[in-house]
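One-letter residues, chain by chain:
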Amino acid sequence: MQSRILIVEDDPLVAMMLEGLLEALDRQALGPVDSVQAALAQLDEGNIDAAIVDVHLANGETSEPVAEALAARGIPFIVTTGGFIAPPGPVFAGRPVLLKPFTMASFEQALSLFEEISPS
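Please read these numbers as outputs of a predicted model, since none were measured by experiment.

1. Details of the overall build of the chain
A tally of regular secondary structure across the chain gives four helices and five strands. Along the chain direction, N to C, the helices and strands of the chain fall in the order β-α-β-α-β-α-β-β-α. Here the chain, with 120 residues, has 44% of them falling under the buried criterion. Accessible area of the chain: about 6100 Å², with a carbon and sulfur share of 53%.

What follows is the structure in structure tokens.
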């Protein structure tokens with residue numbers, strides 16, 4: 001069974017790239033979603049094994065509420081950002097961070113940190 005990974009990303013090109021990378025690594029992409037509200041709705045639907053979460057979303061939103069919801073559910077996530085090295089909130093501490101632009105190798109390395117989402 002493929003791992004189901006939620007993509008929270010407001011840039012359509014980056015979201016498409018992430019979908020392609022996940023497909024190449026035999027993972028199932030969920031979304032992408034581009035807002036906190038949409039991400040939380042997707043979480044409420046369940047069946048998410050992990051997530052890739054952009055820190056800064058459209059309209060000035062940060063994904064901190066999404067990260068908090070993922071952490072509360074025990075769902076691992078990778079943080080992506082193009083603007084800074086240290087994510088802003090404590091819920092992001094200790095999470096793998098991918099700086100944009102990233103490579104397939106760095107993406108695969110971050111993904112491999114989660115044994116729970118390795119292909120079956």
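2. Side note on the packing of aromatic side chains
Here the structure, examined in full by the defined rule, presents two aromatic pairs. For the ring pair Phe77 and Phe92, a centre distance of 6.4 Å and an interplane angle of 85° mean the geometry is edge-to-face. With a gap of 15 residues between them, Phe77 in strand E4 (residues 77–81) and Phe92 in the loop between E4 and strand E5 (97–99) connect regions that are remote in the sequence. Ring geometry for Phe102 and Phe107: centres 6.0 Å apart, planes at 15°, overall stacked.

3. Re helix H1 (residues 12–24)
Helix length check: H1 (13 residues) gives 18 Å between terminal C-alpha atoms against 18 Å at 1.5 Å per residue, within 8%. Of all the positions in H1, only Val14, Ala15, Leu18, Leu21 and Leu22 are classed as buried. Relative to the axis of H1, the buried residues are bounded by an arc of 125° and lie together on one face. Exposed and facing more than 90 degrees away from the buried side of H1 are Pro12, Leu13, Met16, Glu23 and Ala24. Looking at the packing, one finds that the buried side of H1 touches strand E1 (4–8), strand E2 (28–33), strand E3 (50–54) and helix H4 (104–112). By the N-cap criterion, in which a side-chain oxygen at the helix start approaches the backbone nitrogen of a residue two or three places on, H1 is capped by Asp11, the distance to Leu13 being 2.9 Å.

4. Let's talk about H4
Every buried residue belonging to H4 is among Phe107, Ala110 and Leu111, and all of these are buried. With its buried residues spanning 100° around the axis, H4 presents them on a single face. The outward face of H4, more than 90 degrees from its buried face, is lined by the exposed residues Ala105 and Gln109. Where the residues of H4 are buried, they touch E1, H1, E3, E4 and E5.

5. Brief notes about the packing of helix H2 (residues 36–45) against helix H3 (residues 64–73)
How two helices sit against one another is set out by the angle between their axes and by the gap between those axes. At a minimum axis distance of 9 Å, the contact between H2 and H3 shows a crossing angle of 15°. Put simply, H2 runs roughly parallel to H3. Classified by chirality, the crossing of H3 by H2 is left-handed. Touching Val36, Ala39, Leu40, Leu43 and Asp44 of H2 are Pro65, Val66, Ala69, Leu70 and Arg73, all from H3. When the residues that make up the contact of H2 with H3 are grouped by side-chain class, the tally is eight nonpolar, no polar and two charged.

Conventions we followed
Residues numbered from 1 in each chain as written. Predicted model: local features only at pLDDT ≥ 70, side-chain atom pairs only at ≥ 80, totals over all residues. Heavy atoms only, no water. Helix = DSSP H or I, 4+ residues; strand = E, 2+ residues; numbered from the N terminus. Buried < 20%, exposed > 50% of the residue type's maximum accessible area, 1.4 Å probe, protein only. Areas by Shrake-Rupley, 256 points an atom, 1.4 Å probe, with all protein chains shown as cover. Phe/Tyr/Trp six-rings, centres within 6.5 Å; stacked < 30°, edge-to-face > 60°. Expected span 1.5 Å × (residues − 1). Arc of directions from axis to C-beta. Contact = heavy atoms within 4.5 Å. Polar contact = N/O pair within 3.5 Å; in protein donor to acceptor, adjacent residues only side chain to side chain. Axes fitted to C-alpha atoms, helices over the stretch in contact; angles between N-to-C directions. Parallel < 35°, antiparallel > 145°, perpendicular 65-115°, else oblique. Left-handed = near helix turned anticlockwise from the far one by under 90°. Nonpolar A, V, L, I, M, F, W, Y, C, P; charged D, E, K, R; others polar.

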